[in-house]
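Chain and residue survey
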Amino acid sequence: MKRKNIHIKFLCRQLPLLLLLLPLGSCFDPSEQLKPDTPQGNFEALWEIIDTRYCYLDYKGIDWDGVKAVYQPRVDTISANNYRGLFDLFAQMLDTLQDGHVNLYSDFDVSRCRGWFENYPANYSSSILYSDRYLGQDYKMAGGLYYERIADDKVGYIRYNSFSDAFSSNNIAYALMYCADCPGLILDVRDNGGGSLEYARKLAATFFAEKTTVGYMQHKTGNGHNDFSEMVPMEIDTAMMPHRWLRPVIVLCNRQSYSATNFFVNAMRYAPYAFVVGGITGGGGGMPQSYELPNGWLIRLSSVPMYDREKKHIENGIEPDYAINMTQESMAEGKDDIIEFAVELIEKLTQQPETK
Amino acid sequence: MKKNRLILSVCLFAAFCPLRAETPRVLATENDLAVKFGGMWMSDEYLSALPYSGLSLHLQNEWWSYFKPERTDFSYVDRLEITGALLYNPAYSNRITAFGVNGSWGAYYNYRPVGGLTILGGMLVEIDWLGKYMSRSVNKPYSMDFATNLHLSGGVSYDIKRPKTAYRIRYMIRTPFAGCMFVPEMGGSYYEMLFSLKNTVHASFFTNKAGLRHELTFDMRFKTTTWRLGIEHEYLQYHANNLRFSREQVSLVAGCIFNTYTFGGRRKPDNIQTVW
């Protein structure tokens, strides 16, 4: 009985101490760094994310403090319930960045910058492309690649709609084998809005004879506008693809060839037998990343700048080797000027081989 | 000559007889198998500036034993924990799915000032990995906590023995002291990290990594089984590359405890040295 009392006394003395120790570490306040979920709080969060994470503020010469001075007072005119008004105001502010990689995502809308491709020739018509003159309706499909022989079976043609569409090395191999008798190949990435950088590197590797550095990339290392890491080389490694096409290849592009497609076109400029034909690409040289606002909206922005082999920005697009625009007259006749030029170029290159 | 041999034989027999009579004790390993369920709060500035919170489930096993059967003042523990968690941002518009494995090994000095009371002090070496996947993140959907840590650890346990049963109350606490951790650069993508891990591996010390993990458990021994109930709290915060990371969790602990040991022959030995 006496022993039992000793136990009880000991416990009574020690338990409060133990219970006091348990919440000792509860010093974490998850909201201490968080802006409040109010119109001003969300504005502050958005402005700060762009200020610290967007990679082209200085390159584009954007006065981001000035943008804040213009837009922040307007936030106070928006009531807490007017989420559409707030979204539209944020979208207007983001439009000053003029970047197709900048989008604000909410459950009810997605903002996007305007003008970066609307003010350029379309240079692409799917109805003409899929007419019997070119791809027709009986084209072959290998993964995300659509292919056919065109121009009386003299030229191979591969259409790639999106770098988000998967393909394998076997898909490439079968497409190339189908075009094996053709002296040249057209690779059409017009209106290809991008996708995976890995697919871009894999596809480009088919047209290189050896491992080649085609550009560089950096990433933000701090909150300053110019806090970047060292440039990391971006290489096209021929080991990625077992099959080669070391004959003329004409890459078709237009202003809507964007993001990963922009990188692909940049890489193909350094392929030994490749020529770029069409219009200037859309750019999108900054690999996008996303961040969140306190109200749950998602902001996507260019975060990782990419450069060409000469260490110049590719954000504003790649100029083609041959700038060709589609004319209304040709389109009325069902002709695609860019494909027609590419076919002629292949014929010319076949007669007078030319490499870079 | 014969006489000398006889004396020598008697002496050797006398010397080895006590050793033969005392068979060595069998050392048991205490297995603490537990399921932990509770809330988790997480902040990962690489993925998002927002704090995430949700539910977590852990499976944990600890193996406690002494280094030697005759030295009950030094014990060691092996620990393996598997964690799964689903966490949401405050607006419930995005989710982080986390899965992790944590393994550690530690050694403790056991000080017993009065009957039933044991004070433990020691160190733990730990490998901690927690992979995080954010479904809606563009180009950086993955992040991970990956670190090796040396922890300072201690505890108090108190045993209450009754004729037909026994109880144990134990409080264990540990804090990371030094180690090595992986932290991505704020704008770096894992695409780049495939080619270069530059500036992603950092030394950690209590100046840039602070944490506390403590648990209070109550063990009840019945006829053939021992059951555990408890509560555990963990807080961890670290920073590098201009990024802050933190996670906190509170879990209810339920488990069972059993001893395992190996022995030769068919009869169960009667001199087993258990931790509890």
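Whatever comes next refers back to the structure up there.
Calculation rules
- Residues numbered from 1 in each chain as written.
- Chains lettered and ligands numbered in written order.
- Predicted model: local features only at pLDDT ≥ 70, side-chain atom pairs only at ≥ 80, totals over all residues.
- Heavy atoms only, no water.
- Helix = DSSP H or I, 4+ residues; strand = E, 2+ residues; numbered from the N terminus.
- Buried < 20%, exposed > 50% of the residue type's maximum accessible area, 1.4 Å probe, protein only.
- Contact = heavy atoms within 4.5 Å.
- Areas by Shrake-Rupley, 256 points an atom, 1.4 Å probe, with all protein chains shown as cover.
- 1 Å grid on protein atoms, 1.4 Å probe; cavity = no way out; pocket = protein on both sides within 12 Å on 5 of 7 lines; lining within 4 Å.
- Points joined across faces, edges and corners; volume = space filled by probe spheres on them.
- Nonpolar A, V, L, I, M, F, W, Y, C, P; charged D, E, K, R; others polar.
- Phe/Tyr/Trp six-rings, centres within 6.5 Å; stacked < 30°, edge-to-face > 60°.
- Axes fitted to C-alpha atoms, helices over the stretch in contact; angles between N-to-C directions.
- Parallel < 35°, antiparallel > 145°, perpendicular 65-115°, else oblique.
- Left-handed = near helix turned anticlockwise from the far one by under 90°.
- Polar contact = N/O pair within 3.5 Å; in protein donor to acceptor, adjacent residues only side chain to side chain.

So, on to the overall build of chain A. Counting its regular elements, chain A contains 10 helices and 12 strands. For chain A, the proportion of its 356 residues judged to be buried stands at 53%. Relative to all contacts within chain A whose residues are 6 or more apart in sequence, the contacts with residues 24 or more apart total 72%. For chain A, the accessible surface area stands at approximately 15,700 Å², while carbon and sulfur atoms represent 49% of it.

Bringing empty space enclosed by the protein into the picture now. Residue and element names in this part refer to chain B. Tallied over the entire structure, the rule returns five cavities of 30 Å³ or more. At the level of elements, β3 (51-68), β4 (71-88), β8 (166-182) and β10 (209-221) are the ones that each hand at least two residues to the lining of the largest cavity. Of the residues belonging to the lining of the largest cavity, the class tally is six nonpolar, three polar and six charged.

Bringing the packing of aromatic side chains into the picture now. Each pair of aromatic rings is reported with the distance of its centres and the angle of its planes. In this structure the tally under the stated criterion is 34 aromatic pairs over all chains. An angle of 50 degrees between the planes, with centres 5.7 Å apart, marks the rings of A:Y56 and A:Y59 as tilted. Taking 6.4 Å as the distance between ring centres and 25 degrees as the angle between the ring planes, the aromatic pair formed by B:Y76 and B:W105 counts as stacked. Placement of the pair is B:Y76 in strand β4 and B:W105 in strand β5 (residues 95-111), with a sequence separation of 29 residues. With a relative accessible area of 39%, B:W105 lands in the partly exposed category. Members of the aromatic cluster, joined through ring pairs, are A:F43, A:Y83, A:F87, A:F90, A:F108 and A:W297.

Right, let's get into the packing of helix α3 (residues 64-75) of chain A against helix α4 (residues 83-95) of chain A. Residue and element names in this part refer to chain A. Two elements in contact, α3 and α4, have axes whose closest approach is 11 Å; the angle formed by their N-to-C orientations is 165 degrees. In this view, α3 runs roughly antiparallel relative to α4, as classed from their interaxial angle. For the pair α3 and α4, the sense of crossing is right-handed. Taken together, the residues of α4 that come into contact with α3 (itself represented by W64, V67, Y71, R74 and V75) are L86, L89, Q92 and M93. Class assignment of the residues belonging to the contact of α3 with α4 gives a composition of seven nonpolar, one polar and one charged.

Every buried residue of helix α7 (residues 197-205) of chain A is accounted for by A:L197, A:A200, A:R201, A:L203, A:A204 and A:A205. The distance from a side-chain oxygen at the start of α7(A) to the backbone nitrogen of A:E198 is 3.1 Å, and the residue carrying that oxygen is A:S196.

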